[in-house]
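# Survey of secondary and tertiary structure
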Amino acid sequence: MEDNYNMNTGPLWSLLKSLLMFTVLCVVGVVLYLPMGEYISQWGESKYSNDGLAKYTEERASVDRGPDVVDGIDVASGMVYDENFKVVKATCTSCHSSKLIIQNRATREGWKDMIKWMQETQGLPELGTLEPKVLDYLSAHYAPEKTGRRANLDIEAIEWYVLGQE
Ligand code: HEC
């Protein structure tokens, strides 16, 4: 007589099946973790969490990028780059765009007047010891351009003559 003990449904078999299932899941877990482990372990410190943001900002600040200068021009501001550039950028671009500066031309006196005007009417503070540097910079790089036009005629100096009619 066949006993009603069946190898495929007995308690031992179901224990083995559970063990086998567990082992397979472990192996799958390890295999998946291997390529993605670094990615997964960074989840906790995403740059959108507070800790992550601080770390991210610190990392960025620790890299001294310096200005990105192409052909003597600082790319971000469009301003000429020289030893006074940083002072001028810090002094002059907090209220308005650097474009306002680079599209203007003036002599040293002219720049001084503009600065004075901003101080009197727009709340620009005294520049103190920085003023000479700022004026050096502006008058060197944003001086009035020599125009391509000929100078006006000096009427007094012209020797006029009458066209003959022969
Ligand atoms: C406290 C804020 C402030 C600072 C800092 C500042 N400016 Fe200005 N500036 C202004 C304002 C406001 C105007 C008028 C803007 C407008 O008309 O839209 C202006 C206008 C100008 C103009 C245009 C003037 C014109 O006649 O059209 C120039 C050029 C200029 N600034 C250069 C500079 C320079 C160079 C510096 C650095 C020394 C500087 N600014 C710093 C506020 C400032």
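The structure displayed is predicted, hence computed values, not measured ones.

With that out of the way, let us pick up the site of the ligand. Taken together, 19 residues lie around the ligand, and C92, C95, H96, M118 and Q122 are the ones closest in. A distance of 2.7 Å separates a nitrogen atom of the ligand from a polar atom in the side chain of H96. Those elements giving two or more residues to the shell around the ligand turn out to be α3 (85-92), α4 (98-102), α5 (108-121) and α6 (130-141). Of the residues in the shell around the ligand, the class split is 13 nonpolar, six polar and no charged.

This paragraph deals with the side chain of T91. Of note, T91 is situated in helix α3. For T91, a relative accessible area of 15% puts it in the buried group. Among all residues touching T91, those that are not within four sequence positions of it are L124, L127, L130 and V134.

Next up on the list: the coordination of the iron atom of the ligand. Every protein donor of the iron atom of the ligand is listed here as H96 (NE2) and M118 (SD), and their distances to the metal cover 1.9 to 2.0 Å. Note that the iron atom of the ligand binds six donor atoms; their angles at the metal cover 85 to 179°, and the shape is octahedral. With H96 in the loop between α3 and α4 and M118 in helix α5, this residue pair connects regions lying 22 residues apart in the sequence.

α6 packs onto α3 with a crossing angle of 105° between their chain directions and a minimal axis gap of 9 Å. The orientation of α3 relative to α6 falls into the category roughly perpendicular. Contacts between α3 and α6 involve F85, V87, V88, T91 and C92 on the former and, on the latter, L130, K133, V134 and Y137. Residue composition of the contact of α3 with α6, by class: seven nonpolar, one polar and one charged.

For α6, with 12 residues, the first-to-last C-alpha span of 17 Å sits near the 16 Å given by 1.5 Å per residue. Those residues of α6 that sit buried are E131, V134, L135, Y137 and L138. The buried residues of α6 occupy one face: seen down the axis, they fall within an arc of 160°. Looking at the buried positions of α6, the neighbouring elements they touch are α3, α4 and α5.

A separate point is the packing of aromatic side chains. The geometry of an aromatic ring pair comes down to the distance between the two centres and the angle between the two planes. Evaluation of the coordinates by the stated rule reveals two aromatic pairs. Taking the centre distance of 5.1 Å and the plane angle of 50° together, the rings of Y81 and F85 count as tilted. Among the residues examined, Y81 registers a relative accessible area of 31% and is labelled partly exposed. Judged by centre distance (6.1 Å) and plane angle (50°), the rings of Y137 and Y142 are tilted. Take Y142: its relative accessible area is 4%, and that puts it in the buried class.

This brings us to the pattern of salt bridges. Between side chains of opposite charge, a pair can form as their charged atoms come close. Tallied over the entire structure, the rule returns three salt bridges. The partner of E145 in a salt bridge is R105, and the shortest N-O contact between them spans 3.2 Å. Placement of E145 in the segment after α6 and of R105 in the loop between α4 and α5 is noted, with a sequence separation of 40 residues between them. Overall, R105 belongs to the partly exposed group, its relative accessible area being 34%. D136 is paired through a salt bridge with R108; the nearest N and O atoms lie 2.9 Å apart. Residue D136 is found in helix α6, and its partner R108 is found in helix α5; the two are separated by 28 residues along the sequence.

The rules behind each value
The residue numbering used here restarts from 1 in each chain and proceeds along that chain's sequence as written. A pLDDT threshold of at least 70 governs which residues receive local features in this predicted model, and a stricter bar of 80 or more applies before side-chain atom pairs are shown or counted, although totals over entire chains, interfaces and linings include all residues. Hydrogen atoms and water are omitted, and side-chain values are computed over all heavy atoms in the structure. We call a residue near a molecule or strand whenever a single non-hydrogen atom of that residue lies within 4 Å of it. N or O atoms within 3.5 Å of each other form a polar contact, as long as, within protein, one can give a hydrogen and the other can take it, and as long as residues adjacent in sequence are counted only when both atoms are side-chain atoms. The numbering of helices and of strands both runs from the N terminus, where a helix is a DSSP run of H or I of at least 4 residues and a strand a run of E of at least 2. Under the grouping applied here, Gly and all other residues not named as nonpolar or charged are polar, the nonpolar ones being Ala, Val, Leu, Ile, Met, Phe, Trp, Tyr, Cys and Pro and the charged ones Asp, Glu, Lys and Arg. Per-residue accessibility, obtained with a 1.4 Å probe over protein chains only, is compared with the maximum for each type, and a residue is labelled buried under 20%, exposed over 50%, and partly exposed between these values. The contact rule is simple, with two residues in contact once any of their heavy atoms fall within 4.5 Å. Sites may look incomplete because water is not among the atoms; the donors themselves are N, O and S atoms within 2.8 Å of the metal, or within 3.2 Å for Na, K and Ca. A four-donor site is classed as tetrahedral when every donor-metal-donor angle falls between 85 and 135 degrees; four donors are called square planar, and six octahedral, when trans pairs exceed 155 degrees and all remaining angles lie between 65 and 115, with any other arrangement labelled irregular. Axes here mean lines fitted to C-alpha atoms, for a helix over just the part in contact, with angles spanning 0 to 180 degrees between N-to-C directions. In this scheme, roughly parallel covers angles under 35 degrees and roughly antiparallel covers those over 145, while 65 to 115 is roughly perpendicular and the rest are oblique. Expected helix span is computed as 1.5 Å times (number of residues minus one). This arc describes the spread of directions from the helix axis toward the C-beta atoms. Pairing of aromatic rings covers Phe, Tyr and Trp, the last counted by its six-membered ring, and requires centre-to-centre distances within 6.5 Å; plane angles under 30 degrees mean stacked, over 60 mean edge-to-face, and any other angle means tilted. For this document, the term salt bridge refers to a Lys or Arg side-chain nitrogen within 4 Å of an Asp or Glu carboxyl oxygen.

Nothing here speaks to function; it is all geometry.
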